[in-house]
Amino acid sequence: MSQESPLFRKASAEVVDFHRFFEDWYDAATADDTDFGRCERTFGQAFHMIPPTGRIFDRAQTIELIRANRATFQDNFTIEISDIRASYETADTIVLTYIEAQSRAGKFSRRQASAVFTASSSTPNGVEWQHLHETWLQMPDN
């Protein structure tokens, strides 16, 4: 398993780019110019997400959750991604772990995430999200 394999590079780019999508989608100033189809194209049909709350969201629920939070911030939402690592890889599947730090209207949080990707020529970065699991490293400030 190589941290520099083509699949690792594609999946890492997807993690960073998809979180840039979130910043744009959730910002009132940029939401109108953000292509929501990018979000719909990147999740596999059997995609599931487990956020830090522990609730399980399927693909449709995840997409609706993201769609419903459009333009909810006023230039005060940022995400930083760091420490991207591969923990498992085959020819067409990779599991990445990474840290996601968020600032939401002055409240800070950090999450450890693990995500499963499969190769897909029809997605923006050549990989499709299959599963995402997040846990708190730092809960949002009050």
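This section reports on the structure supplied with the text. (Residues numbered from 1 in each chain as written. Predicted model: local features only at pLDDT ≥ 70, side-chain atom pairs only at ≥ 80, totals over all residues. Heavy atoms only, no water.)

Here threonine 30 shows up in the loop between helix H1 (6-26) and helix H2 (37-42). Accessibility expressed as a relative area gives 27% for threonine 30, which makes it partly exposed. Spatially, the C-alpha atoms of threonine 30 and threonine 53 are 28 Å apart, while their sequence positions differ by 23 residues. When neighbours within four sequence positions are excluded, threonine 30 is seen to be in contact with Glu23 and Asp24. (Helix = DSSP H or I, 4+ residues; strand = E, 2+ residues; numbered from the N terminus. Buried < 20%, exposed > 50% of the residue type's maximum accessible area, 1.4 Å probe, protein only. Contact = heavy atoms within 4.5 Å.)

Our focus in this paragraph is the sheet that holds strand S4 (residues 93-104). Taken in spatial order, the six strands of this open sheet run S2-S1-S6-S5-S4-S3, and their pairing is mixed. Because the sheet does not close on itself, it has two edges, and the strands there are strand S2 (57-58) and strand S3 (77-89). As defined by bridge partners, strand S5 (residues 107-119) adjoins strand S6 (residues 127-138) across 10 bridges and the pair is classed as antiparallel. Within S6, the position partnered with glutamine 112 by the bridge is threonine 135. Across the sheet, H1 touches strand S1 (43-50), S3, S4, S5 and S6, and the angle it forms with S3 is around 160°. The strands touched by helix H3 (residues 59-68) within the sheet are S1 and S2, with S1 carrying the most contacts at an inclination of about 70°. (Pairing = 2+ DSSP bridges. Axes fitted to C-alpha atoms, helices over the stretch in contact; angles between N-to-C directions.)

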